[in-house]
Amino acid sequence: MTQPEPARDAVAYNQNSLQTLLRAIELSQGQFSLILVRCNYEALREFLVRQLRERCPFEMREIALNKSVRSLSHRLLSEPCQEMAQVFMVFGLESVSALDRVLASTNLIRDALPKNFPLPILLWVSDQVIKKLIRSAPDLESWSTTVEFALPTEELTDSLRQKTERVFAAVLETEPGKFIANITLLGERGNTEFESAIKDLQSRDVRLEPELDAGVKFVLGRDAYARDSLDIALKHYQQSLAFWKQNSPPPEAGLKAQPQALTAIERQGAVLFHIGLCHRRNADRKSADNRHSCERARAYFQESVEVFEKAGRADLVAKFISPLSEILLRLQEWEALQTVAEKSVRLHQIYGSSLRLAQDWGFFARIAVVRSRWSDAKQWAALGLQTLSAASEKTEYPELYPALWEQIFRLCLVKAQRHLGQRPEALKGLHEAARDVKNALAEIDCRYDPQRYIRFLQILRLMYFQEGDYKAAFWIKQKQRSVEQQYGFRAFIGAGRLQPQQPALNPALGKFDRQGTVAREIEASGRQQDVSRLQQRIASPQHKLTVIYGPSGAGKSSIVTAGLVPALKQTSIRTRDVLPVVLQIYTDWVSRLGRCLAEVETRHLASDAERRVASPGVRLSCAPDSAAAILEVLRENADRNLLTVLIFDQFEEFFSACKPPAERLQFYEFFRDCLNIPFVKVILSMRQDYLHYLLECSRAVELDAIDSDILNKDILYYLGNFSPAQARSAIQSLTERSKFHLEPQLLDRLMKDLAGSPGEVRPIELQVVGAQLQAKNITTLAEYEVKGPKEKLVADYLEEVVKDCGKENESAARLVLYFLTEEEEVRPLKSYDQLAAELAVDAEKLDLVLEILVQSGLVFLLKDFSADFYQLIHDYLVALIRQYKEPGLQAELRLTKEQLRQALHKE
């Protein structure tokens, strides 16, 4: 019973539809009937509901669905006084989070609906909901009757005009570093109504007046930008800009106050700024075209500022000038930056925030450093720190990353002090900055603007390296690669550990899923099957314990942190929410585990307000600080309908971190008690050459929950290297995602080279070689044959890591690698003391080199009870290291031990 499309008189059309709906309700009394009431506009729906209440003679029960609903039938059955109702009227389907799942489950029980609900059910739906209903519940949709309502054309155009005005006003009121998407400005309902109004007007062949059309194009451009569809966004913006340029009268002389209504010239400035955002975003995405896109962004940001100046809006100039300064800093246009920063300071002292003013001092400090004006650099850096410290709005502008600006100020100050001969102050400042950098990065949510965050990391890494803190520089480099991997900017991470995928590739996205999702690398390589199998083991009552084991570099930690943990956070097992708790460091394991558990509990309690009401449970005001307290929390979790999964990753580290037998016994007793608590699962992840250490646990305590058979095959889960097919799938998926395409012939050759004689591909080697391909922009077989093959790429990676140790440490790094080799491609296991004796180098230098080599993935550390041992990750590295052609190294290798000692101490 579908109504025809509204013709000219929407009011008459709606009255006819209302009569049809009332008649359908009357004819369906005492029997099941599903009536879809299509209405895309909230105001119209409220009017129609009032009409229904007045004119419907039957008892109506109105039901509002919340976003957490998982079953439509259960929600209807739970309605009180159900037997007294003659009509169910259901609202809120468009707000249900898992709508596809709810519709699909309702479709499966379609035949039971007439028995349970012998009455008409009115589902108020939008066009989007109807599309999902057809896709997810086709049988249910075929049973339904649809009655449609529409807004008059004049009201549709009025609605569009109001929403475009709201967007323009919000854009000019908001801090320009904080792109707020239309869905946030208009609300979900408002944004949907905007789209529906455009479609309805198009279906009626209504042509918008030019000014409204220009406003609509601007809003559509912002939607496209939020989806990262930059070409579409630019097309809409340019169409909008053309109108505002043609219809911007000269501003009145001396106009300074903010007008009540936005003028065409102010809208022109807003559109110009958004075009600049598109080009800046292109610069972030396309490294090959980076400078050209940055220069185009600069031109549009500059024009936007000039337009606001012409409009007499100094307040808007103060808001929109900072992105221009940032792009000039990125282009290293120091003269232009000096001019803009001088203007910016004057404006921000009147109109701006303390954070923007501090940023201006930072620009001056960077200019002074480049020009080697050290007294000025010291002055500006100190002023920046002072201004930043006094700023009260840091939490209001997280996308400006004040903690990272503080790092830049401190490093500028360090550099200035060093050049001014104030060496003790410089060393103290560098030490304090390096001490705080990890905390600064850990506390920041880079999803507000991941590309700006990455640019900060690039600056900080260079500054730390120039100041000789190679450890901090290398750590920042690893952090940068990790963030690039998470957000899809990098196809290969190198030797780093994978992290959960993050959803926001663009700061336009107004909502963030802080849990992250399974990393693409996990899905692409076929390791999703391993994640699914591990989930099944956790869901199975018979598997209290799982021991994941495999060779070094097989990706055990990555599958835990980037695969299993995010998958568990997004699922429930037999109505229980899952709380995965990961521990990777075992010194003082009790307090560390207590803090990890408290953090996971807090995040879970804060994730859903409705869940907190339904399950108030226990809040951890502080972290449990004893094994007994942790066990008590685990028992309370079981009572709160939670399943806790304790994951002890890199568990081989436990045996070296807890050497005293009493410490290990404490853990073994805790481990036993965990296995005996209902709804607690335990996972140990470790290298296969450490498996026999677990036997100590089974000898020390009775493990009744697993029949004291800790190495039973039903407990062990092997995670090995990739097959060539898995490796190919991973490379294809990752390169496609990051727009780094490899020709098929190159893929064939890579599979041959990576697999070698064992016929397996080590995940760490795939990542290292892939990272070098991307760094050198090798996309064809011909380029690979010139710049490769695999061994050459790994050798280049090796040389890159050596340089990461710093120029004064390069010789020591090469010699460490050399001493980890022997003839006939043997890679011996050497202790720290052996290496120290062979190199005769001070402990600080050796510690730095070994840490960077281990973290880079070239060397792995084996911690034994007696000492720390080191070994190259693969045999083929031996030949690469021993065949160095650099004359300097060859000469050093011919030195006697005494000569070597003297040479190293001269550095």
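Model, not experiment: these values are computed from the prediction.

Here's the deal with the overall build of the protein chain
Line of reasoning, step 1. For the protein chain, the count of helices and strands is 42 helices and 14 strands.
Line of reasoning, step 2. Sorting the 907 residues of the protein chain into buried and exposed places 55% on the buried side.
Line of reasoning, step 3. Expressed as a percentage of contacts within the protein chain between residues at least 6 apart in sequence, the contacts between residues at least 24 apart total 75%.

A few points about the packing of helix H17 (residues 354-370) against helix H18 (residues 374-390)
Line of reasoning, step 1. Where H17 meets H18, the closest approach of the two axes is 8 Å, and the angle between their N-to-C directions is 165 degrees. Looking at the two axes, H17 sits roughly antiparallel to H18. For the pair H17 and H18, the sense of crossing is left-handed. Between H17 and H18, the contacting residues are Ser354, Leu355, Leu357, Ala358, Trp361, Phe364, Ala365, Ala368 and Val369 on the first element and Trp374, Asp376, Ala377, Trp380, Ala381, Leu383, Gly384, Thr387 and Leu388 on the second.
Line of reasoning, step 2. For the contact of H17 with H18, the per-class residue count stands at 14 nonpolar, 3 polar and 1 charged.

Observations concerning the sheet that holds strand S3 (residues 87-91)
Line of reasoning, step 1. The 5 strands lie next to each other as S2-S3-S4-S1-S5, forming an open sheet whose pairing is parallel. Across the chains shown, the open sheet's two edge strands, defined by having one partner strand only, are strand S2 (60-64) and strand S5 (145-148). On average, each strand axis in the sheet is inclined to that of its neighbour by 20 degrees, with strand direction left out of account.
Line of reasoning, step 2. Both strand S1 (residues 33-38) and strand S4 (residues 120-125) contribute to a ladder of 6 bridges, which runs parallel. Across the sheet, the residue bridging to Ile35 is Leu122, located in S4.
Line of reasoning, step 3. Taken strand by strand, helix H2 (residues 42-55) contacts S2, S3 and S4, and its axis lies near 160 degrees from that of S4.

Points about unusual backbone geometry
Line of reasoning, step 1. Look at Asp707: it is not a glycine, yet its phi comes out positive at around 55 degrees.
Line of reasoning, step 2. Among the structural elements, Asp707 can be located in the loop between helix H31 (694-700) and strand S11 (716-718).
Line of reasoning, step 3. The exposure class assigned to Asp707 is exposed, which follows from its relative accessible area of 68%.
Line of reasoning, step 4. Located in the positive-phi region is Asn777, a residue other than glycine, with phi close to 55 degrees.
Line of reasoning, step 5. Take Asn777: it is sitting in the loop between helix H34 (763-775) and helix H35 (781-787).

Regarding the sheet that holds S11
Line of reasoning, step 1. Ordered in space as S7-S8-S9-S10-S6-S11, the 6 strands form an open sheet in which the pairing is mixed. The open sheet has two edge strands, strand S7 (572-573) and S11, and neither has a second partner.
Line of reasoning, step 2. Alignment of strand S6 (residues 545-550) against strand S10 (residues 680-687), held across 6 bridges, turns out to be parallel. From the neighbouring strand, Val547 faces S10, where its bridge partner is Leu684.
Line of reasoning, step 3. The sheet contacts of helix H28 (residues 627-639) involve strand S8 (576-583), strand S9 (642-648) and S10, and relative to S9 the element is tilted by about 140 degrees.
Line of reasoning, step 4. Sitting on the sheet, helix H30 (residues 661-676) touches S6, S9 and S10, and the angle it makes with S10 is about 135 degrees.

Quick look at the pattern of salt bridges
Line of reasoning, step 1. Inspection of every chain in the model, using the stated rule, returns 51 salt bridges.
Line of reasoning, step 2. Asp158 serves as the salt-bridge partner of Arg161, at 3.3 Å between the closest nitrogen and oxygen. Of the two residues, Arg161 and Asp158 are both situated in helix H8 (residues 153-173); the distance of 3 residues between them amounts to about one turn of the helix.
Line of reasoning, step 3. Assessed through its relative accessible area of 32%, Asp158 is described here as partly exposed.
Line of reasoning, step 4. Between Glu838 and Lys830 there is a salt bridge whose closest N-O contact spans 2.9 Å.
Line of reasoning, step 5. What you see here is one network of salt bridges that share partners, running through Arg461, Lys477, Arg481, Glu800 and Asp804.

Considering a negative patch on the surface
Line of reasoning, step 1. Negative charge collects at one region of the surface, where Glu702, Asp704, Asp707 and Asp709 lie side by side.
Line of reasoning, step 2. Its location among the elements puts Asp704 in the loop between H31 and S11.
Line of reasoning, step 3. For Asp704, a relative accessible area of 58% gives the class exposed.

Describing the confidence of the model for the protein chain
Line of reasoning, step 1. With 87% of its residues at a pLDDT of at least 70, the protein chain reaches an overall mean of 83.
Line of reasoning, step 2. Counting interchain partners and residues more than four positions distant, the pLDDT-below-50 stretch residues 253-259 has 8 contacts.

Let's talk about helix H36 (residues 790-804)
Line of reasoning, step 1. Its 15 residues give H36 an end-to-end C-alpha distance of 21 Å, which sits within 8% of 21 Å, the value for a rise of 1.5 Å per residue.
Line of reasoning, step 2. Turning to H36, its buried residues number three or more, namely Lys790, Leu793, Val794, Asp796, Tyr797, Leu798, Glu799, Val801, Val802 and Asp804.
Line of reasoning, step 3. Looking one or two residues beyond H36, the residue adopting positive phi is Gly806, at roughly 95 degrees.

Looking at the nonpolar core
Line of reasoning, step 1. In this structure, Leu21, Leu52, Leu122, Trp124, Leu160, Tyr453 and Tyr464 are the most contacted members of the largest nonpolar core, which totals 135 residues.
Line of reasoning, step 2. Aside from chain neighbours lying at most four places away, what touches Leu52 is Leu18, Leu21, Leu22, Ile25, Met60, Met89, Leu122 and Trp124.

Quick look at the side chain of Arg366
Line of reasoning, step 1. Looking at the secondary structure, you find Arg366 in helix H17.
Line of reasoning, step 2. Notably, Arg366 is buried but unbridged: the nearest opposite-charge side chain belongs to Glu467, and the N-O separation is 9.7 Å.
Line of reasoning, step 3. Setting aside residues no more than four positions away along its own chain, Arg366 makes contact with Leu329, Ile408, Cys412, Ile459 and Met463.

Focus: the packing of aromatic side chains
Line of reasoning, step 1. For the structure on display, the rule yields 39 aromatic pairs.
Line of reasoning, step 2. When the ring of Phe218 is compared with that of Tyr237, the centres are 6.0 Å apart and the planes differ by 40 degrees; the resulting orientation is tilted. A residue pair is termed long-range when its members are at least 10 positions apart, and Phe218 in helix H10 (residues 210-226) and Tyr237 in helix H11 (residues 230-246) qualify at 19 residues.
Line of reasoning, step 3. The class for Phe218 is buried, based on a relative accessible area of 0%.
Line of reasoning, step 4. For Tyr237, a relative accessible area of 0% gives the class buried.
Line of reasoning, step 5. Between Phe667 and Tyr668, the aromatic rings sit 6.5 Å apart at their centres with planes inclined by 75 degrees, giving edge-to-face as the arrangement. Comparing Phe667 with Tyr668, the two get one shared label, buried.

Cut-offs and rules
Residues numbered from 1 in each chain as written. Predicted model: local features only at pLDDT ≥ 70, side-chain atom pairs only at ≥ 80, totals over all residues. Heavy atoms only, no water. Helix = DSSP H or I, 4+ residues; strand = E, 2+ residues; numbered from the N terminus. Buried < 20%, exposed > 50% of the residue type's maximum accessible area, 1.4 Å probe, protein only. Contact = heavy atoms within 4.5 Å. Axes fitted to C-alpha atoms, helices over the stretch in contact; angles between N-to-C directions. Parallel < 35°, antiparallel > 145°, perpendicular 65-115°, else oblique. Left-handed = near helix turned anticlockwise from the far one by under 90°. Nonpolar A, V, L, I, M, F, W, Y, C, P; charged D, E, K, R; others polar. Pairing = 2+ DSSP bridges. Salt bridge = Lys/Arg side-chain N within 4 Å of Asp/Glu carboxyl O. Patch = residues over 30% accessible without salt bridge, like charges linked within 9 Å, V, L, I, M, F, W, Y side chains within 5 Å. Areas by Shrake-Rupley, 256 points an atom, 1.4 Å probe, with all protein chains shown as cover. Lys, Arg positive; Asp, Glu negative; His and termini not counted. Charge placed at Lys NZ, Arg CZ, Asp CG, Glu CD. pLDDT = per-residue confidence, 0-100. Expected span 1.5 Å × (residues − 1). Core = buried A, V, L, I, M, F, W, Y, C linked by side-chain atoms within 4.5 Å. Phe/Tyr/Trp six-rings, centres within 6.5 Å; stacked < 30°, edge-to-face > 60°.

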